[in-house]
Amino acid sequence: MLKTTTLTLAALLASFSVSAADALRVAADPIPHAQILEYVQKLDPSLKLNIIEIPSGVNSNELLAHGDVDANYFQHLPYLHSQEQALGQKFAVAATVHIEPLGIYSRRHTRFAQVPDKGTVAVPNNVTNLSRALYLLQANGLIKLKPGFNDAAKEQATPKDIAENPRHLKILEIESPQIPRALDDVDLAVINGNFALEAGLEPAKDALGLEQAKGNPYANILVTTPKLADDPRIRQLAKDLRSPELAKFISEKYAGSVIPVAVE
C-alpha cells in the first residue's frame, strides 16, 4: 500500500517526479478537500493516492491541463466553466461531492441591522464567486439586484447589477483567500467555506448569513481530463467520494459547514 502523501508548495514540483507510476495525483485545497481525500484513502487502501495540497496562487486547472496532475478537487461547476473559457481547455467532471456554503461574517456586528450606512463589504473578486456573494447579500436583504437576477445558476451578477442599496454599502472586491484577513477592517465579509474553515471559522455557527444547500449550484466536484475520465482509478475515486461512509464522515466532521450532496 502506498501511504498518502500530503505536500505543500516547497515539495509541490518534486512530487510530480517521485510519485509511483500507478498512484493517482490529485490536487486539492488543504481544507476540507485534502482532509476528505485522506479519509477516502483510509476507506479504500487499495486506491493509491498522491494528494497534493495546493497553496493559494497555484491554479490547479493549469496543472491539470499541463498533465502535472491527474485530477483536482477544489472547485464548483460555474468556476470550472469560467476556467475552461479562460484556458481554452475542456475538462471532465468525475463526481459531485459536497457543498461549502458561502457565508457572510463580521467581527464588528452580530446582526445585519447593526451595519451602518456606507458600511464596507468584502466580496470575492473572481466572476463566479462575486456573483454568488451578491445573491447571498440579496437573500439577506442587504441589496436588491435588477429584475431578472433571481437564479444564481443562470444569471451572473456584478456590482453594476445592483438596483437597490439602501445602506449605500461599499462593495470591495478582494482575492478570495485574503478575505478572512480583512475581517477586522470591514463591516461584513463574504467568505468561501474552505477559506472560512482554514481561518478557524465555523460557517454553520459563525456566519450571519449562510447559503442554503437545497438547489445550490455550487457543489464542489472532482475534475479530470476527458482522456482520463474512464481511467479505473478516477472511477474508483469518484465512487468512494459518493459513498455513504464518506457522506457520514463529512456530516460528522464539519457539522453543517460542509454538506455532502451525492451518495451511491
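Residues numbered from 1 in each chain as written. Predicted model: local features only at pLDDT ≥ 70, side-chain atom pairs only at ≥ 80, totals over all residues. Heavy atoms only, no water.

Rules: UniProt positions are given in the numbering used here, feature names are shortened, and annotations may be inferred rather than shown by experiment.
Naming follows an unreviewed UniProt entry, where the chain appears as MetQ/NlpA family ABC transporter substrate-binding protein of Pseudomonas asgharzadehiana. Taken verbatim from the UniProt record of the chain, the Sequence similarities (unreviewed entry) comment is "Belongs to the NlpA lipoprotein family." Check the Subcellular location (unreviewed entry) section of the UniProt entry for the chain; it says "Membrane".

1. Side note on the pairing of strand β4 (residues 71-76)
Here is the rule we go by: Relative accessibility thresholds used throughout: buried, under 20% of the residue-type maximum; exposed, over 50%; partly exposed, between the two (1.4 Å probe, protein chains only). For helices the rule is a DSSP run of H or I covering at least 4 residues; for strands it is a run of E covering at least 2, with both sets numbered from the N terminus onward. Only strands that DSSP links by at least two bridges are regarded as paired with each other.
With 6 of 6 residues buried, β4 lies mostly within the body of the structure. Strand direction decides the pairing type here: strand β2 (residues 24-28) and β4, joined by 3 bridges, are parallel. Paired with Ala27 across the bridge in β4 is Asn72. Relative to strand β13 (residues 220-224), β4 runs antiparallel, the two sharing 5 bridges. Its bridge partner lying in β13, His76 is registered against Asn220.

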